[in-house]
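Structure at a glance
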Amino acid sequence: MLSSPSFCPTLPAAQQPHLSELLRHQLQPPFFLRSLPTKSSAAPLSLSFSRRCRRAFRIQCIDAAQPYDSEFKLSLAHSSHGTSPDPLKIAIIGFGNFGQFLAKTLTRQGHEVLAHSRSDHSHAALQLGVRFFSDPSDLFEEHPEVILLCTSIISTGQFLKTLPLQRLKRSTLFVDVLSVKEFSKNLMLKVLPADFDIICSHPMFGPESAKHGWKGLFFVYEKVRIGNEDSRVLRCEKFLDIFAREECAMIEMSCAEHDEYAAGFQFMTHTVGRVLKMLNLESTPINTKGYEKLLDLVENTACDSFDLYYGLFMYNKNALAMLKKLNAAFEALKNEIFESLDDVARKRQYESDEKVDGLLDISWMFKENNNGSAWKETAPNSVRSQDTAPWPINGRARNSEQSSNSSKLKIAIIGFGNFGQFLARTFVRQGHQ
Ligand code: NAP
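Residues numbered from 1 in each chain as written. Predicted model: local features only at pLDDT ≥ 70, side-chain atom pairs only at ≥ 80, totals over all residues. Heavy atoms only, no water.

- Taking an unreviewed UniProt entry as the reference, the protein chain is identified by name as Prephenate/arogenate dehydrogenase domain-containing protein belonging to Punica granatum.

This is the structure we're talking about:
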(Lines give C-alpha, C1' and ligand atoms only; values in the text may rest on other atoms or scores of the structure.)
Protein backbone atom coordinates (compact mmCIF):
# COMPACT_ATOMS: atom_id res chain seq x y z
CA MET A 1 0.00 0.00 0.00
CA LEU A 2 1.33 3.45 -0.85
CA SER A 3 0.64 5.59 2.10
CA SER A 4 0.66 9.17 0.94
CA PRO A 5 -2.50 11.27 1.15
CA SER A 6 -1.37 13.35 -1.80
CA PHE A 7 1.05 11.43 -4.00
CA CYS A 8 3.03 14.50 -4.92
CA PRO A 9 2.42 17.54 -2.78
CA THR A 10 4.29 19.88 -5.16
CA LEU A 11 1.85 19.19 -8.02
CA PRO A 12 -1.62 20.74 -8.35
CA ALA A 13 -4.49 18.28 -7.93
CA ALA A 14 -5.19 18.04 -11.69
CA GLN A 15 -1.65 16.86 -12.37
CA GLN A 16 -1.52 14.31 -9.59
CA PRO A 17 -0.65 10.91 -11.08
CA HIS A 18 -3.43 8.39 -11.02
CA LEU A 19 -3.13 5.60 -8.46
CA SER A 20 -3.19 2.93 -11.18
CA GLU A 21 -0.22 4.67 -12.85
CA LEU A 22 1.71 4.46 -9.62
CA LEU A 23 0.80 0.84 -9.10
CA ARG A 24 1.88 0.01 -12.64
CA HIS A 25 5.34 1.35 -11.92
CA GLN A 26 5.32 -0.26 -8.58
CA LEU A 27 5.08 -3.66 -10.28
CA GLN A 28 8.18 -3.10 -12.44
CA PRO A 29 11.31 -4.56 -10.84
CA PRO A 30 13.58 -1.49 -11.34
CA PHE A 31 11.09 0.56 -9.38
CA PHE A 32 11.87 -1.25 -6.22
CA LEU A 33 15.57 -0.72 -6.60
CA ARG A 34 15.40 2.93 -7.49
CA SER A 35 12.18 3.87 -5.72
CA LEU A 36 10.98 6.09 -8.60
CA PRO A 37 9.76 5.32 -12.11
CA THR A 38 12.47 5.90 -14.71
CA LYS A 39 11.28 3.85 -17.68
CA SER A 40 11.88 6.04 -20.75
CA SER A 41 8.77 4.79 -22.53
CA ALA A 42 6.50 5.82 -19.67
CA ALA A 43 3.80 8.41 -20.32
CA PRO A 44 4.85 12.08 -20.18
CA LEU A 45 2.92 12.50 -16.95
CA SER A 46 5.03 9.87 -15.20
CA LEU A 47 8.23 11.40 -16.59
CA SER A 48 7.45 14.82 -15.24
CA PHE A 49 6.17 13.20 -12.12
CA SER A 50 9.46 11.37 -11.78
CA ARG A 51 11.53 14.55 -12.13
CA ARG A 52 9.41 16.86 -10.06
CA CYS A 53 8.56 14.54 -7.23
CA ARG A 54 11.91 12.88 -6.73
CA ARG A 55 12.30 14.21 -3.26
CA ALA A 56 8.68 14.69 -2.29
CA PHE A 57 7.54 11.13 -2.96
CA ARG A 58 8.35 8.68 -0.21
CA ILE A 59 7.33 5.03 0.03
CA GLN A 60 6.41 4.07 3.52
CA CYS A 61 5.26 0.55 2.98
CA ILE A 62 4.38 -1.69 0.02
CA ASP A 63 1.74 -4.33 0.22
CA ALA A 64 1.63 -5.35 -3.46
CA ALA A 65 3.03 -8.57 -4.89
CA GLN A 66 6.80 -8.34 -5.30
CA PRO A 67 8.85 -9.75 -8.20
CA TYR A 68 10.47 -12.24 -5.87
CA ASP A 69 7.37 -13.58 -4.19
CA SER A 70 5.12 -16.36 -5.38
CA GLU A 71 2.04 -14.17 -5.77
CA PHE A 72 3.81 -12.01 -8.32
CA LYS A 73 5.25 -15.00 -10.16
CA LEU A 74 1.82 -16.58 -10.31
CA SER A 75 0.28 -13.43 -11.74
CA LEU A 76 3.03 -13.27 -14.39
CA ALA A 77 2.50 -16.88 -15.30
CA HIS A 78 -1.17 -16.24 -15.82
CA SER A 79 -0.88 -12.87 -17.50
CA SER A 80 -2.26 -13.30 -21.02
CA HIS A 81 0.83 -12.05 -22.79
CA GLY A 82 3.58 -12.90 -20.32
CA THR A 83 6.22 -15.37 -21.33
CA SER A 84 5.93 -18.86 -19.99
CA PRO A 85 7.83 -19.35 -16.71
CA ASP A 86 8.71 -22.87 -17.77
CA PRO A 87 9.17 -23.06 -21.55
CA LEU A 88 8.73 -26.22 -23.57
CA LYS A 89 10.79 -27.47 -26.51
CA ILE A 90 8.20 -27.91 -29.23
CA ALA A 91 8.68 -29.30 -32.75
CA ILE A 92 6.09 -28.28 -35.32
CA ILE A 93 5.69 -30.85 -38.07
CA GLY A 94 4.02 -29.26 -41.11
CA PHE A 95 5.13 -25.66 -41.19
CA GLY A 96 2.47 -24.32 -43.58
CA ASN A 97 -0.25 -21.75 -42.98
CA PHE A 98 -1.46 -23.02 -39.62
CA GLY A 99 1.88 -24.27 -38.34
CA GLN A 100 3.43 -20.83 -38.82
CA PHE A 101 0.40 -19.16 -37.28
CA LEU A 102 0.80 -21.22 -34.08
CA ALA A 103 4.57 -20.69 -34.06
CA LYS A 104 4.10 -16.93 -33.65
CA THR A 105 2.37 -17.37 -30.31
CA LEU A 106 4.64 -20.17 -29.13
CA THR A 107 7.78 -18.10 -29.67
CA ARG A 108 6.15 -15.02 -28.15
CA GLN A 109 5.46 -17.07 -25.03
CA GLY A 110 9.16 -17.99 -24.89
CA HIS A 111 8.95 -21.65 -25.92
CA GLU A 112 11.78 -23.09 -27.97
CA VAL A 113 10.26 -23.89 -31.36
CA LEU A 114 11.74 -26.20 -34.00
CA ALA A 115 10.09 -27.09 -37.29
CA HIS A 116 10.13 -29.58 -40.13
CA SER A 117 8.00 -29.59 -43.26
CA ARG A 118 7.81 -31.23 -46.64
CA SER A 119 8.75 -27.95 -48.34
CA ASP A 120 11.55 -25.61 -47.38
CA HIS A 121 10.12 -22.98 -45.03
CA SER A 122 13.49 -22.02 -43.57
CA HIS A 123 13.09 -18.35 -44.49
CA ALA A 124 9.70 -18.01 -42.77
CA ALA A 125 11.11 -19.94 -39.81
CA LEU A 126 14.04 -17.58 -39.46
CA GLN A 127 11.72 -14.60 -39.34
CA LEU A 128 9.64 -16.24 -36.63
CA GLY A 129 12.63 -17.20 -34.50
CA VAL A 130 12.11 -20.90 -35.23
CA ARG A 131 14.89 -23.40 -36.06
CA PHE A 132 14.00 -25.18 -39.29
CA PHE A 133 15.17 -28.71 -40.09
CA SER A 134 14.76 -30.14 -43.58
CA ASP A 135 15.71 -33.57 -42.26
CA PRO A 136 13.28 -34.88 -39.60
CA SER A 137 16.02 -37.13 -38.15
CA ASP A 138 18.10 -34.10 -37.27
CA LEU A 139 15.09 -32.48 -35.69
CA PHE A 140 14.12 -35.53 -33.65
CA GLU A 141 17.67 -35.90 -32.34
CA GLU A 142 17.15 -32.54 -30.67
CA HIS A 143 14.70 -34.44 -28.44
CA PRO A 144 11.76 -32.03 -28.43
CA GLU A 145 9.35 -32.58 -25.55
CA VAL A 146 6.30 -31.99 -27.74
CA ILE A 147 5.63 -32.85 -31.39
CA LEU A 148 2.88 -30.65 -32.78
CA LEU A 149 1.39 -32.16 -35.91
CA CYS A 150 0.14 -29.42 -38.25
CA THR A 151 0.08 -31.34 -41.53
CA SER A 152 -2.93 -31.41 -43.83
CA ILE A 153 -5.67 -33.86 -42.93
CA ILE A 154 -5.22 -35.85 -46.09
CA SER A 155 -1.41 -36.19 -45.83
CA THR A 156 -1.04 -36.89 -42.10
CA GLY A 157 -1.64 -40.65 -42.33
CA GLN A 158 1.14 -41.29 -44.83
CA PHE A 159 3.48 -38.64 -43.49
CA LEU A 160 3.36 -39.88 -39.90
CA LYS A 161 4.50 -43.31 -41.01
CA THR A 162 7.63 -41.87 -42.65
CA LEU A 163 8.85 -40.05 -39.54
CA PRO A 164 11.93 -41.52 -37.72
CA LEU A 165 10.07 -41.90 -34.42
CA GLN A 166 12.84 -44.09 -32.98
CA ARG A 167 15.03 -41.00 -32.67
CA LEU A 168 12.68 -39.35 -30.20
CA LYS A 169 12.71 -39.79 -26.45
CA ARG A 170 10.45 -42.56 -25.19
CA SER A 171 7.90 -40.38 -23.49
CA THR A 172 7.50 -37.69 -26.13
CA LEU A 173 4.12 -35.93 -26.21
CA PHE A 174 2.35 -35.90 -29.58
CA VAL A 175 -0.35 -33.33 -30.20
CA ASP A 176 -2.27 -32.90 -33.43
CA VAL A 177 -4.39 -29.94 -34.51
CA LEU A 178 -6.31 -31.58 -37.34
CA SER A 179 -9.81 -30.25 -37.86
CA VAL A 180 -11.29 -33.76 -37.79
CA LYS A 181 -10.60 -35.61 -34.59
CA GLU A 182 -11.68 -39.24 -34.57
CA PHE A 183 -9.53 -39.85 -37.60
CA SER A 184 -6.38 -38.39 -36.02
CA LYS A 185 -7.02 -40.14 -32.70
CA ASN A 186 -7.30 -43.56 -34.33
CA LEU A 187 -4.32 -42.84 -36.52
CA MET A 188 -2.03 -41.81 -33.67
CA LEU A 189 -3.12 -44.71 -31.46
CA LYS A 190 -2.29 -47.04 -34.33
CA VAL A 191 1.01 -45.56 -35.54
CA LEU A 192 2.71 -44.16 -32.43
CA PRO A 193 4.60 -46.35 -29.95
CA ALA A 194 2.69 -47.05 -26.73
CA ASP A 195 5.24 -45.01 -24.71
CA PHE A 196 4.25 -41.75 -26.34
CA ASP A 197 1.70 -39.44 -24.76
CA ILE A 198 -1.11 -38.20 -27.00
CA ILE A 199 -3.38 -35.16 -26.98
CA CYS A 200 -5.86 -34.64 -29.80
CA SER A 201 -6.70 -30.98 -30.15
CA HIS A 202 -8.55 -28.59 -32.37
CA PRO A 203 -7.94 -24.88 -32.05
CA MET A 204 -11.21 -23.71 -33.54
CA PHE A 205 -9.79 -20.62 -35.15
CA GLY A 206 -7.26 -19.71 -37.78
CA PRO A 207 -5.03 -16.90 -39.03
CA GLU A 208 -8.02 -14.93 -40.33
CA SER A 209 -10.58 -15.50 -37.60
CA ALA A 210 -8.05 -14.93 -34.82
CA LYS A 211 -6.31 -11.88 -36.23
CA HIS A 212 -6.91 -9.95 -33.04
CA GLY A 213 -5.98 -12.64 -30.52
CA TRP A 214 -7.34 -15.93 -29.27
CA LYS A 215 -9.37 -14.62 -26.36
CA GLY A 216 -12.67 -16.43 -26.00
CA LEU A 217 -12.06 -18.73 -28.97
CA PHE A 218 -12.59 -22.44 -28.45
CA PHE A 219 -9.71 -24.82 -27.92
CA VAL A 220 -11.12 -28.33 -27.92
CA TYR A 221 -8.97 -31.21 -26.72
CA GLU A 222 -8.96 -34.79 -25.50
CA LYS A 223 -6.17 -36.20 -23.34
CA VAL A 224 -6.05 -39.47 -25.23
CA ARG A 225 -3.09 -41.00 -23.40
CA ILE A 226 -0.98 -39.36 -20.71
CA GLY A 227 1.39 -41.44 -18.58
CA ASN A 228 1.04 -41.43 -14.79
CA GLU A 229 4.41 -39.87 -13.97
CA ASP A 230 4.22 -36.37 -12.56
CA SER A 231 6.55 -35.07 -15.27
CA ARG A 232 4.18 -36.28 -18.00
CA VAL A 233 1.12 -34.88 -16.32
CA LEU A 234 2.90 -31.56 -15.80
CA ARG A 235 4.08 -31.42 -19.43
CA CYS A 236 0.52 -32.00 -20.61
CA GLU A 237 -0.72 -29.17 -18.38
CA LYS A 238 2.08 -26.88 -19.56
CA PHE A 239 1.11 -27.51 -23.16
CA LEU A 240 -2.57 -26.80 -22.52
CA ASP A 241 -1.56 -23.68 -20.62
CA ILE A 242 -0.23 -22.21 -23.89
CA PHE A 243 -3.83 -21.79 -25.01
CA ALA A 244 -5.26 -21.06 -21.58
CA ARG A 245 -2.89 -18.13 -21.07
CA GLU A 246 -4.10 -16.67 -24.39
CA GLU A 247 -7.57 -16.86 -22.80
CA CYS A 248 -8.98 -19.46 -25.16
CA ALA A 249 -12.19 -21.12 -24.00
CA MET A 250 -10.74 -24.51 -23.05
CA ILE A 251 -13.15 -27.36 -23.83
CA GLU A 252 -12.23 -30.89 -22.86
CA MET A 253 -14.31 -33.16 -25.07
CA SER A 254 -13.98 -36.57 -26.68
CA CYS A 255 -12.94 -36.68 -30.31
CA ALA A 256 -16.19 -38.44 -31.21
CA GLU A 257 -18.24 -35.72 -29.59
CA HIS A 258 -16.18 -33.03 -31.32
CA ASP A 259 -16.81 -34.60 -34.70
CA GLU A 260 -20.48 -35.00 -34.00
CA TYR A 261 -20.78 -31.28 -33.29
CA ALA A 262 -18.20 -29.79 -35.58
CA ALA A 263 -17.75 -31.90 -38.67
CA GLY A 264 -21.10 -30.90 -40.16
CA PHE A 265 -20.98 -27.19 -39.51
CA GLN A 266 -17.29 -26.87 -40.40
CA PHE A 267 -17.86 -28.45 -43.76
CA MET A 268 -20.99 -26.37 -44.37
CA THR A 269 -19.22 -23.14 -43.33
CA HIS A 270 -16.33 -23.80 -45.68
CA THR A 271 -18.65 -24.83 -48.51
CA VAL A 272 -20.77 -21.69 -48.28
CA GLY A 273 -17.63 -19.54 -47.89
CA ARG A 274 -16.14 -21.04 -51.02
CA VAL A 275 -19.34 -20.65 -53.04
CA LEU A 276 -19.61 -17.00 -52.00
CA LYS A 277 -15.98 -16.43 -52.89
CA MET A 278 -16.74 -17.58 -56.43
CA LEU A 279 -19.26 -14.72 -56.67
CA ASN A 280 -16.48 -12.14 -56.12
CA LEU A 281 -18.54 -10.22 -53.59
CA GLU A 282 -17.33 -6.71 -52.99
CA SER A 283 -17.74 -4.40 -50.06
CA THR A 284 -19.93 -1.32 -50.68
CA PRO A 285 -20.28 1.94 -48.75
CA ILE A 286 -23.72 0.78 -47.56
CA ASN A 287 -23.14 -2.82 -46.45
CA THR A 288 -25.85 -4.28 -44.24
CA LYS A 289 -24.83 -6.26 -41.14
CA GLY A 290 -25.83 -9.47 -42.89
CA TYR A 291 -23.73 -8.69 -45.94
CA GLU A 292 -20.77 -7.82 -43.70
CA LYS A 293 -21.10 -11.28 -42.17
CA LEU A 294 -21.02 -12.87 -45.61
CA LEU A 295 -17.87 -10.93 -46.48
CA ASP A 296 -16.32 -12.04 -43.16
CA LEU A 297 -17.21 -15.63 -43.93
CA VAL A 298 -15.45 -15.40 -47.29
CA GLU A 299 -12.41 -13.84 -45.64
CA ASN A 300 -12.29 -16.51 -42.92
CA THR A 301 -12.42 -19.41 -45.32
CA ALA A 302 -10.97 -18.16 -48.62
CA CYS A 303 -7.31 -18.30 -47.57
CA ASP A 304 -7.52 -21.89 -46.35
CA SER A 305 -6.04 -24.46 -48.71
CA PHE A 306 -8.22 -26.68 -50.85
CA ASP A 307 -6.50 -29.62 -49.11
CA LEU A 308 -8.06 -28.50 -45.84
CA TYR A 309 -11.52 -28.32 -47.41
CA TYR A 310 -11.03 -31.63 -49.14
CA GLY A 311 -9.92 -33.16 -45.82
CA LEU A 312 -13.09 -31.91 -44.14
CA PHE A 313 -15.06 -33.64 -46.87
CA MET A 314 -13.08 -36.88 -46.98
CA TYR A 315 -12.86 -37.48 -43.24
CA ASN A 316 -16.36 -36.50 -42.26
CA LYS A 317 -18.88 -39.24 -42.81
CA ASN A 318 -21.73 -36.72 -42.95
CA ALA A 319 -20.15 -34.44 -45.53
CA LEU A 320 -21.72 -35.97 -48.61
CA ALA A 321 -25.17 -35.97 -46.98
CA MET A 322 -24.60 -32.34 -45.98
CA LEU A 323 -23.67 -31.40 -49.54
CA LYS A 324 -26.84 -33.07 -50.81
CA LYS A 325 -28.93 -31.28 -48.19
CA LEU A 326 -27.45 -27.93 -49.19
CA ASN A 327 -28.21 -28.63 -52.81
CA ALA A 328 -31.78 -29.72 -52.01
CA ALA A 329 -32.37 -26.63 -49.87
CA PHE A 330 -31.16 -24.37 -52.67
CA GLU A 331 -33.43 -26.14 -55.17
CA ALA A 332 -36.41 -25.85 -52.80
CA LEU A 333 -35.79 -22.13 -52.38
CA LYS A 334 -35.49 -21.62 -56.11
CA ASN A 335 -38.75 -23.50 -56.63
CA GLU A 336 -40.49 -21.33 -54.06
CA ILE A 337 -39.40 -18.22 -55.93
CA PHE A 338 -40.49 -19.59 -59.28
CA GLU A 339 -43.85 -20.66 -57.88
CA SER A 340 -44.38 -17.11 -56.65
CA LEU A 341 -43.42 -15.84 -60.07
CA ASP A 342 -46.00 -18.16 -61.61
CA ASP A 343 -48.67 -16.66 -59.35
CA VAL A 344 -47.72 -13.18 -60.50
CA ALA A 345 -47.74 -14.28 -64.13
CA ARG A 346 -51.21 -15.80 -63.69
CA LYS A 347 -52.45 -12.59 -62.11
CA ARG A 348 -51.08 -10.62 -65.02
CA GLN A 349 -52.86 -12.85 -67.45
CA TYR A 350 -56.27 -12.70 -65.78
CA GLU A 351 -56.41 -9.27 -64.26
CA SER A 352 -57.05 -6.25 -66.41
CA ASP A 353 -56.09 -3.60 -63.89
CA GLU A 354 -53.60 -1.46 -65.84
CA LYS A 355 -51.91 -0.01 -62.75
CA VAL A 356 -51.25 -3.38 -61.16
CA ASP A 357 -50.20 -4.65 -64.55
CA GLY A 358 -47.66 -1.85 -64.84
CA LEU A 359 -46.19 -2.47 -61.43
CA LEU A 360 -46.01 -6.21 -61.78
CA ASP A 361 -44.60 -6.44 -65.25
CA ILE A 362 -42.27 -9.41 -64.93
CA SER A 363 -42.05 -10.35 -68.57
CA TRP A 364 -38.40 -9.28 -68.51
CA MET A 365 -37.65 -12.21 -66.27
CA PHE A 366 -39.06 -14.76 -68.64
CA LYS A 367 -37.92 -13.07 -71.85
CA GLU A 368 -34.33 -12.26 -71.05
CA ASN A 369 -33.26 -14.86 -68.56
CA ASN A 370 -34.44 -18.37 -69.05
CA ASN A 371 -31.59 -19.52 -66.87
CA GLY A 372 -32.51 -17.09 -64.13
CA SER A 373 -29.04 -15.51 -64.09
CA ALA A 374 -28.60 -11.76 -64.48
CA TRP A 375 -32.01 -10.59 -63.22
CA LYS A 376 -30.70 -7.49 -61.55
CA GLU A 377 -29.04 -6.21 -64.70
CA THR A 378 -32.14 -6.70 -66.86
CA ALA A 379 -34.83 -5.63 -64.42
CA PRO A 380 -36.60 -2.48 -65.61
CA ASN A 381 -36.25 0.51 -63.33
CA SER A 382 -39.91 0.41 -62.40
CA VAL A 383 -39.42 -3.00 -60.84
CA ARG A 384 -36.07 -2.32 -59.22
CA SER A 385 -37.23 0.79 -57.49
CA GLN A 386 -40.77 -0.16 -56.54
CA ASP A 387 -39.86 -0.46 -52.84
CA THR A 388 -38.72 3.11 -52.66
CA ALA A 389 -40.85 4.88 -55.30
CA PRO A 390 -42.76 7.69 -53.60
CA TRP A 391 -46.53 7.53 -53.70
CA PRO A 392 -48.18 10.65 -55.13
CA ILE A 393 -48.51 13.11 -52.27
CA ASN A 394 -51.22 15.71 -52.13
CA GLY A 395 -49.42 18.78 -50.74
CA ARG A 396 -52.55 20.43 -49.32
CA ALA A 397 -53.72 17.28 -47.59
CA ARG A 398 -50.30 16.76 -46.15
CA ASN A 399 -50.13 20.27 -44.74
CA SER A 400 -53.54 20.09 -43.13
CA GLU A 401 -52.77 16.73 -41.56
CA GLN A 402 -49.46 17.81 -40.13
CA SER A 403 -49.19 17.94 -36.36
CA SER A 404 -49.41 21.35 -34.79
CA ASN A 405 -46.27 20.46 -32.91
CA SER A 406 -43.65 21.24 -35.55
CA SER A 407 -41.05 18.82 -34.20
CA LYS A 408 -43.44 15.85 -34.08
CA LEU A 409 -44.99 14.06 -37.02
CA LYS A 410 -48.19 12.12 -37.48
CA ILE A 411 -46.99 9.07 -39.34
CA ALA A 412 -49.13 6.37 -40.90
CA ILE A 413 -47.34 3.08 -41.40
CA ILE A 414 -48.81 1.08 -44.24
CA GLY A 415 -47.79 -2.54 -43.87
CA PHE A 416 -47.53 -3.21 -40.16
CA GLY A 417 -45.56 -6.42 -40.24
CA ASN A 418 -42.06 -7.17 -39.00
CA PHE A 419 -40.33 -4.09 -40.38
CA GLY A 420 -43.29 -1.73 -39.92
CA GLN A 421 -43.49 -2.58 -36.22
CA PHE A 422 -39.73 -2.32 -35.87
CA LEU A 423 -39.79 1.25 -37.23
CA ALA A 424 -42.87 2.12 -35.16
CA ARG A 425 -41.01 1.43 -31.92
CA THR A 426 -38.47 4.13 -32.67
CA PHE A 427 -41.04 6.60 -34.04
CA VAL A 428 -43.10 6.31 -30.84
CA ARG A 429 -40.03 6.54 -28.63
CA GLN A 430 -39.15 9.79 -30.40
CA GLY A 431 -42.62 11.11 -29.57
CA HIS A 432 -44.14 10.97 -33.03
CA GLN A 433 -47.75 9.98 -33.31
P1 NAP B 1 -3.37 -27.58 -44.96
O2 NAP B 1 -3.39 -27.48 -46.43
O3 NAP B 1 -4.45 -28.37 -44.34
O4 NAP B 1 -1.96 -28.19 -44.52
C5 NAP B 1 -0.75 -27.68 -45.01
C6 NAP B 1 0.39 -28.42 -44.34
O7 NAP B 1 0.38 -29.80 -44.70
C8 NAP B 1 1.72 -27.85 -44.77
O9 NAP B 1 2.57 -27.83 -43.69
C10 NAP B 1 2.19 -28.85 -45.81
O11 NAP B 1 3.58 -28.94 -45.87
C12 NAP B 1 1.66 -30.15 -45.25
N13 NAP B 1 1.46 -31.14 -46.31
C14 NAP B 1 0.55 -31.11 -47.29
N15 NAP B 1 0.66 -32.19 -48.07
C16 NAP B 1 1.68 -32.92 -47.56
C17 NAP B 1 2.30 -34.16 -47.91
N18 NAP B 1 1.89 -34.90 -48.96
N19 NAP B 1 3.33 -34.60 -47.17
C20 NAP B 1 3.77 -33.88 -46.10
N21 NAP B 1 3.22 -32.72 -45.72
C22 NAP B 1 2.19 -32.25 -46.43
O23 NAP B 1 -3.35 -26.11 -44.40
P24 NAP B 1 -3.18 -25.51 -42.94
O25 NAP B 1 -4.17 -24.42 -42.87
O26 NAP B 1 -1.77 -25.20 -42.73
O27 NAP B 1 -3.67 -26.64 -41.93
C28 NAP B 1 -2.79 -27.48 -41.25
C29 NAP B 1 -3.57 -28.36 -40.26
O30 NAP B 1 -4.15 -27.52 -39.27
C31 NAP B 1 -4.71 -29.12 -40.91
O32 NAP B 1 -4.74 -30.40 -40.38
C33 NAP B 1 -5.95 -28.34 -40.48
O34 NAP B 1 -7.09 -29.17 -40.38
C35 NAP B 1 -5.53 -27.79 -39.14
N36 NAP B 1 -6.21 -26.56 -38.78
C37 NAP B 1 -6.19 -25.51 -39.61
C38 NAP B 1 -6.85 -24.34 -39.28
C39 NAP B 1 -6.87 -23.13 -40.18
O40 NAP B 1 -7.58 -22.18 -39.92
N41 NAP B 1 -6.11 -23.10 -41.24
C42 NAP B 1 -7.54 -24.27 -38.06
C43 NAP B 1 -7.51 -25.35 -37.20
C44 NAP B 1 -6.85 -26.50 -37.56
P45 NAP B 1 4.42 -27.94 -46.81
O46 NAP B 1 3.92 -26.57 -46.53
O47 NAP B 1 5.81 -28.14 -46.33
O48 NAP B 1 4.20 -28.35 -48.21
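1. Looking at the overall build of the protein chain
- Along the protein chain, the regular secondary structure elements total 20 helices and eight strands.
- Put simply, the protein chain has 433 residues, and 36% of those count as buried. (Helix = DSSP H or I, 4+ residues; strand = E, 2+ residues; numbered from the N terminus. Buried < 20%, exposed > 50% of the residue type's maximum accessible area, 1.4 Å probe, protein only.)

2. Brief notes about the pattern of salt bridges
- Throughout the structure, instances matching the rule amount to 18 salt bridges.
- D197 serves as the salt-bridge partner of R235, at 2.9 Å between the closest nitrogen and oxygen. Note that R235 is positioned in helix α10 (residues 230–244) and D197 in strand β6 (residues 197–203), a separation of 38 residues in sequence.
- Its relative accessible area of 1% is what places D197 among the buried residues.
- One salt bridge connects K211 with E208, and the closest N-O pair in it is separated by 3.4 Å.
- Residue class for E208 comes out partly exposed when judged on its relative accessible area of 23%. (Salt bridge = Lys/Arg side-chain N within 4 Å of Asp/Glu carboxyl O.)

3. Quick look at the UniProt feature "coiled-coil region" (unreviewed entry) in the protein chain
- If you check UniProt for "coiled-coil region" (unreviewed entry), the listed places come out as residues 316–343 in our numbering.
- The span residues 316–343 is 89% helical and 0% strand by assignment, and the distance between its end C-alpha atoms comes to 42 Å. (UniProt positions renumbered as here; feature names shortened; annotations may be inferred.)

4. Describing the layout of surface pockets
- Its volume calculated, the largest pocket comes out at about 1100 Å³.
- Around the largest pocket, the lining is made up of 39 residues, and of these F98, S179, D304, S305 and L308 lie nearest the centre.
- Among the secondary structure elements, those contributing two or more residues to the lining of the largest pocket are α5 (97–108), α8 (153–162), β6, α11 (255–278), α12 (289–302) and α13 (306–314).
- Across the lining of the largest pocket, the residue classes tally to 15 nonpolar, 20 polar and four charged.
- Looking at the lining of the largest pocket, you find at least three residues from each of domain 1 (85–253) and domain 2 (255–349). (1 Å grid on protein atoms, 1.4 Å probe; cavity = no way out; pocket = protein on both sides within 12 Å on 5 of 7 lines; lining within 4 Å. Points joined across faces, edges and corners; volume = space filled by probe spheres on them. Nonpolar A, V, L, I, M, F, W, Y, C, P; charged D, E, K, R; others polar. Domains from an automatic or database assignment.)

5. Looking at unusual backbone geometry
- For H143, which is not glycine, the phi dihedral falls at a positive 55°.
- For H143, a relative accessible area of 35% puts it in the partly exposed group.
- Here E247, not a glycine, exhibits a phi torsion of approximately 70°, which is positive.
- Summarising the element assignment, E247 is placed in the loop between α10 and β8 (249–252).

6. Some points on the environment of Q433
- Structurally, Q433 can be placed in the segment after α20 (418–429).
- Setting aside residues no more than four positions away along its own chain, Q433 makes contact with L409, K410 and I411. (Contact = heavy atoms within 4.5 Å.)

7. Some thoughts on the site of the ligand
- Taken together, the neighbourhood of the ligand is formed by 27 residues, with S117, S119, T151, S179 and S305 sitting nearest.
- Contacts to the ligand include F95, whose backbone N or O atom sits 3.3 Å from an oxygen atom.
- In this structure, R118 approaches the ligand through a side-chain N or O atom, which is 2.9 Å from an oxygen atom.
- Here the ligand loses 88% of its free accessible area of 880 Å² to cover by the protein chains.
- Put simply, the ligand lies in the largest pocket. (Near = heavy atom within 4 Å. Polar contact = N/O pair within 3.5 Å; in protein donor to acceptor, adjacent residues only side chain to side chain. Areas by Shrake-Rupley, 256 points an atom, 1.4 Å probe, with all protein chains shown as cover. Sits in = over half its atoms within 2 Å of the grid points.)

8. Quick notes on the nonpolar core
- Core analysis: the largest hydrophobic core is formed by 33 residues, its most contacted members being I92, F95, L102, L148 and F239.
- At the level of elements, β1 (89–93), α5, β2 (112–116), α6 (122–128), β4 (146–149), β5 (173–176), β7 (218–225) and α10 are the ones that each hand at least two residues to this core.
- With residues near it in sequence (within four places) discarded, L102 still touches L148, C150, V177, W214 and F243.
- Core analysis: the next-biggest nonpolar cluster, separate from the first, contains 31 residues, F159, L163, L165 and L312 among them. (Core = buried A, V, L, I, M, F, W, Y, C linked by side-chain atoms within 4.5 Å.)

9. What to know about the packing of α8 against helix α9 (residues 181–191)
- Where α8 contacts α9, the two axes come as close as 11 Å, and the packing angle between them is 5°. Classified by the angle their axes make, α8 and α9 are roughly parallel. Mapping the contact onto sequence places I153, T156, G157, L160 and K161 in α8 and F183, L187, M188 and V191 in α9.
- Along the lines of polarity and charge, the residues of the contact of α8 with α9 split into six nonpolar, two polar and one charged. (Axes fitted to C-alpha atoms, helices over the stretch in contact; angles between N-to-C directions. Parallel < 35°, antiparallel > 145°, perpendicular 65-115°, else oblique.)

10. Describing the pairing of β2
- With four of its five residues buried, β2 lies for the most part within the structure.
- Pairing of β1 with β2 involves five bridges; the strand directions are parallel. Counterpart to I90 in the pairing with β2 is V113.
- Each parallel crossover has a hand, and the one from β1 via α5 to β2 is right-handed.
- Judged from the two bridges that link them, β2 and strand β3 (residues 131–132) form a sheet pairing that is parallel. Counted as the bridge partner of A115 is F132 from β3. (Pairing = 2+ DSSP bridges. Right-handed = clockwise from strand over helix to strand, strands pointing away.)

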